[in-house]
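# Overview (structure and organization)
Read off the chains here:
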Amino acid sequence: MIQDRTFGNRLFDTVNAAVLILVALCTVLPFVYVLAVSFTDPHEVAKGGMILFPTKFSLAAYEYIFSTDTLVKSLGVSIYVTVVGTFINLLFTSLLAYPLAKPHFRGRQVILLGVLFTMLFSGGMIPSYFVVKELGMTNTLWSLMIPSAISAFNLIVLRNFFQQIPDGLEDSAKIDGCSDLDILFRIVLPLSLPAMATFGLFYAVAHWNTFFSAILYINDHNKWPVQVLLREIVILAQSRIGETSFEESLIQPLTIRMAVIVFATVPILLVYPFLQKHFAKGVLLGSVKG
Amino acid sequence: METDYADGKAAGNKTPAAAGRAGLGALARELLRDRWLYLMALPGVLYFIVFKYVPMYGLVMAFQDYKPHLGFLDSPWAGLKHFRRFFGEPAFWTLFNNTVLLAVYNLIFFFPLPIVLALMLNEVRQERFKRWVQTMVYIPHFVSWVVVVGIFYMLLTTEGGVINELIFALTGEKIAFLLEPGWFRTMIVSQSIWKEVGWGTIIFLAALAGVDMQLYEAARMDGANRWRQLWHITLPAIRSTIVILLILRLGSFLDSGFEHIFLMLTPTNRDVGEVFDTYVYMKGLTQAQYSYSAAVGLFKSAVGLILVLGANWLAKRFGEEGVY
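Residues numbered from 1 in each chain as written. Chains lettered and ligands numbered in written order. Predicted model: local features only at pLDDT ≥ 70, side-chain atom pairs only at ≥ 80, totals over all residues. Heavy atoms only, no water.

Chain B goes by YteP in an unreviewed UniProt entry, where it is assigned to Paenibacillus mucilaginosus 3016. The UniProt entry for chain B carries the following text under Sequence similarities (unreviewed entry): "Belongs to the binding-protein-dependent transport system permease family." (UniProt positions renumbered as here; feature names shortened; annotations may be inferred.)

Per an unreviewed UniProt entry, chain A is named YtcP, and its organism is Paenibacillus mucilaginosus 3016. Among the UniProt annotations of chain A, the heading Sequence similarities (unreviewed entry) holds the following wording: "Belongs to the binding-protein-dependent transport system permease family." We quote the UniProt Subcellular location (unreviewed entry) comment for chain A here in full: "Cell membrane".

## Examining the overall build of chain A
Helix and strand counts for chain A come out as 15 helices and 0 strands. Taking all 290 residues of chain A together, the buried fraction comes to 53%. In chain A, the share of contacts with a sequence separation of at least 24, taken over all contacts with a separation of at least 6, comes to 71%. (Helix = DSSP H or I, 4+ residues; strand = E, 2+ residues; numbered from the N terminus. Buried < 20%, exposed > 50% of the residue type's maximum accessible area, 1.4 Å probe, protein only. Contact = heavy atoms within 4.5 Å.)

## Examining the interface of chain B and chain A
Each partner contributes to the interface: chain B provides 98 residues, whereas chain A provides 95 residues. Here chain B meets chain A over a buried area of about 9,000 Å², counting both sides, of which 77% is carbon and sulfur. The three residues of chain B that bury the most area against chain A are Met40(B), Phe142(B) and Met154(B), which together make up 9% of that side's buried surface. Note that Glu30(B) and Arg106(A) form a salt bridge whose closest N and O atoms lie 2.9 Å from each other. Inspection of the chain B/chain A interface yields 14 residue pairs in polar contact (both at pLDDT 80 or more). In terms of residue count, helix H3 (residues 35-58) of chain B provides more of the side of chain B that touches chain A than any other element does, 18 residues in total. (Buried area = accessible area lost by both parts, 1.4 Å probe. Salt bridge = Lys/Arg side-chain N within 4 Å of Asp/Glu carboxyl O. Polar contact = N/O pair within 3.5 Å; in protein donor to acceptor, adjacent residues only side chain to side chain.)

## Focus on the packing of helix H6 (residues 90-110) of chain B against helix H7 (residues 112-123) of chain B
In helix packing, the relevant descriptors are the interaxial angle and the interaxial distance, both defined with respect to the helix axes. Residues and elements named next belong to chain B. Packing of H6 against H7 leaves a shortest axis separation of 5 Å and a crossing angle of 15 degrees. Overall, the two elements H6 and H7 adopt an arrangement that is roughly parallel. Where H6 abuts H7, its residues Leu 107, Ile 108, Phe 109 and Phe 110 lie against Pro 112, Leu 113 and Pro 114. Counted by class, the contact of H6 with H7 contains 7 nonpolar, no polar and no charged residues. (Axes fitted to C-alpha atoms, helices over the stretch in contact; angles between N-to-C directions. Parallel < 35°, antiparallel > 145°, perpendicular 65-115°, else oblique. Nonpolar A, V, L, I, M, F, W, Y, C, P; charged D, E, K, R; others polar.)

## Quick notes on the packing of aromatic side chains
Aromatic rings in a pair are described by how distant their centres are and how their planes are angled relative to each other. All names here are of chain B. Counted according to the given criterion, the structure contains 47 aromatic pairs over all chains. Ring centres 6.1 Å apart and planes at 80 degrees place the aromatic pair Tyr 105 and Phe 109 in the edge-to-face group. Of this pair, Tyr 105 and Phe 109 both sit in helix H6, 4 residues apart, which is roughly one turn of the helix. For Tyr 105, a relative accessible area of 31% puts it in the partly exposed group. (Phe/Tyr/Trp six-rings, centres within 6.5 Å; stacked < 30°, edge-to-face > 60°.)

## Topic: the nonpolar core
Phe162(A), Phe212(A) and Phe86(B) are the most contacted members of the largest nonpolar core, which totals 175 residues. For this core, the element with the highest residue contribution is helix H15 (residues 253-287) of chain A, accounting for 12 residues. Within the second largest apolar cluster, 5 residues are counted, among which are Tyr216(B), Ala219(B), Ala224(B) and Ile233(B). (Core = buried A, V, L, I, M, F, W, Y, C linked by side-chain atoms within 4.5 Å.)

## Structural notes on the UniProt feature "domain: ABC transmembrane type-1" (unreviewed entry) in chain B
In the numbering used here, UniProt assigns the feature "domain: ABC transmembrane type-1" (unreviewed entry) to residues 96-311 of chain B. End-to-end, the C-alpha atoms of residues 96-311 of chain B are 20 Å apart, and along that stretch the chain is 76% helix and 0% strand.

## A few points about the UniProt feature "transmembrane region" (unreviewed entry) in chain B
Residues and elements named next belong to chain B. The residues that UniProt annotates with the feature "transmembrane region" (unreviewed entry) are residues 36-54, 100-121, 133-156, 197-216, 237-254 and 290-315. The span residues 133-156 carries 75% helix and 0% strand; its end-to-end C-alpha distance comes to 25 Å. Across residues 237-254 one finds 78% helix and 0% strand; the C-alpha atoms that close the span lie 29 Å apart.

## Description of helix H8 (residues 152-163) of chain A
Structural remark: α-helix, 3.6 residues per turn; residues separated by three or four positions point the same way. All names here are of chain A. Here H8 contains 12 residues, and its C-alpha end-to-end distance of 17 Å stays within 8% of the 16 Å for a straight helix at 1.5 Å per residue. Most of H8 sits out of view: 10 of its 12 residues are buried. Listing the buried residues of H8 in full gives Ala 152, Asn 154, Leu 155, Ile 156, Val 157, Leu 158, Arg 159, Asn 160, Phe 161 and Phe 162. (Expected span 1.5 Å × (residues − 1).)

## Thoughts on the UniProt feature "transmembrane region" (unreviewed entry) in chain A
All names here are of chain A. Under the local residue numbering, the UniProt record ascribes the feature "transmembrane region" (unreviewed entry) to residues 15-36, 77-98, 110-130, 142-162, 183-206 and 254-275. For the annotated span residues 77-98, helix accounts for 100% and strand for 0% of the residues, and the straight-line distance between the end C-alpha atoms is 31 Å. Taken end to end, residues 183-206 is 96% helix and 0% strand, and its two terminal C-alpha atoms sit 29 Å from one another.

## Brief notes about the domain arrangement of chain B
What the domain assignment reports for chain B is domain 1 (1-33) and domain 2 (91-317). Distance between the C-alpha centres of domain 1 of chain B and domain 2 of chain B: 50 Å. (Domains from an automatic or database assignment.)

## Remarks on the pattern of salt bridges
Here the structure, examined in full by the defined rule, presents 14 salt bridges over all chains. The residue Lys174(A) makes a salt bridge to Asp180(A) at a minimum N-O spacing of 3.2 Å. Taking the relative accessible area as the measure of exposure, Lys174(A) reaches 16% and is therefore buried. A relative accessible area of 3% means that Asp180(A) is categorised as buried. We note a salt bridge from Glu89(B) to Arg85(B), for which the minimum N-O separation is 3.6 Å. Judged by relative accessible area, Glu89(B) falls into the partly exposed class, the value being 22%.

## Regarding the environment of Glu196(B)
All names here are of chain B. One can find Glu 196 in helix H11 (residues 184-209). Residues Glu 196 and Arg 84 lie 112 residues apart in sequence; the distance between their C-alpha atoms is 38 Å. When sequence neighbours within four positions are dropped, the list of residues in contact with Glu 196 reads Phe 110 and His 141.

Following this line, the structure appears as C-alpha cells:
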C-alpha cells in the first residue's frame, strides 16, 4: 500500500490513534481499578486518595472471602454449572445440528422452521417458569442448565458449519461400517474444533454469567452461583448503605466488594486469550444468514 | 449433491415426490437407514417442544384465572379480563414511555458508535496496534451485567467512588448518579455502550475487510484525501450491513435488555426505569399475579413478533436480503 506522508495524513493518523488509545483505556481502566482496590489495605482505601495502584498491598479482602464459606460455595456452583452446562450445550446442540445438516433427513424442514419460530416468538417468563417448576427443577442446578440447553442461533450456525464438511469423508466412513453417531463423534466433531471452541466459549460465558435464571428458579442460598452473590454483596448492599443491618459490610466496604467482582470476572478473562483467535471467525460464521 | 450409501439405494437423492411413490417399503428402509439420525435429533426436538413450545401453549393462562394447583388445563377461563385491566391501567403508559424512550436513546446514542469505532480501527495501518485495541475493547462483552453494574456502582457512588471523588475535587460537589432518576437513562445507555461497543465493531470490520483496495488506490490517484475516501468508498461499502443491523435493531425494539434494567432498578428510579419485562417479573413472580403478568408478557411478545416481521419486510423493500 502506498503511504501518503503528507501533514494532513499524519495528523489524521495521530488523532485517530490517540482516540483509540483513549477508548481502550476507558474499557480497561475500570477493571484495573477494581483489581487494585481488591489488593489494597482496607484502611488505605477508606482514607481515600487511591486512584489506580495499591498504596499499601494487602490480601485482607481475599482472606476474608475465603474465611466465609459463602463465596467458596457459590464459586463451586458456578464452576459446576459452567463445566457440566457447557458439556450439555455442546452435546445437545451438535446432536441436533448434525441430522439437520443432512439433506436426506426427513422432517428436517419442519424441525428447522420450528426452531426458527422460537427465535421470533416465545411464551415468555411466566409460562416458562411454570414449565420448569412442573418438571421439579426449581431449586436444583438443573434449572440453570437444562432450560438453556440449546441456543437456536448457535444450532443454526453449527448446522451450516456441518454442511460445509465434504460428504466424501462421511461416505467413506459409512462404507467402513460407521454409524451416523460414530461419524459425528469421530469425524465431524474433530473437524469442527474451531466451531466447537467458539460455541463452547459462548455457552461457557453465558453459564458463568448466568444470573437471572438463578434468581427465578433457585431460592436455596447454598445453590447460588457467584453472580447472584455478587449482586447481593455489591449492588444491593450499595443501595442499602446507611441501613443498620448492613453495618458489617460498611466496616470493610470497598475492598471486599471489589474482590468479589474479581472472582466473578477472572475466569472469563483467563480463557479469553486462548479462544480469542477463534471467536471472530465464529461471529462471522454466525452473521451469515441461517 | 452426490451421495453414495453403503446400501446402494442413494434414496437421499430422490425428490420427496419420488420417495412418496416408492411406497411404504422404501420409507421403512429409509427410516431404518437413518435410525441413528432420528435418535440423535430426539433430545434436541424434545428440548424445543418442552422448553419453547409448551410455554407458548402455556400462554393460554393469560386468558384464564390461572391457579397453579389446577394447571393450564383446568384453570377457569377469564376471557380478555387481564388485557382490559392492563390497557386501562395508568402503568401501561408509563411502561410504554419508558420502554420506547430507552429504545430511542439506544438507537440514537448506541447504534452509530460501533460503526464509528470500526471505521477508526479500519484506518489504523499498524496491525499490532489495531489488534491490541480490539483485544481491549472486546473484553467487557464477556463480563456479566452484574459485574458491569457493580463496577459502575463502585466507580460512581458518592461514598468514595473515584469518579465522584474526582468531580468533588474539581467542583466541590458530588453527583448522586445512582439515586437520581434523572440519571437513569444516561446510565443505562452508557453502560450498554461501555459493554458492547467493541463487540459491535466485529461485523462492520468484516464488511470493511471485503472492500477492494484498488478502489482506494484509484481514488488516491484522483487526488481524494482520507475523508473523501471514507465518504465515497468506505461508507457505501458497508451501507447494506448498516441497514440490516438497523432493521434487526428495530425488530427487537422493545427488548431493552431485561437483566441490565432489572439490576439497575431501585425504588427511587422505578418511575423512569420500569419496562414491560421488569413489570412482568414484578407482578408475576413477586406478587403472584400470574395470569395478569402472562397477559402483559403476551402483549410484549406479540408486538415484538410484529416488529420483527415488519422490519424484515422493510428490509426486503429496501432491496436488502432480509433476515428470514
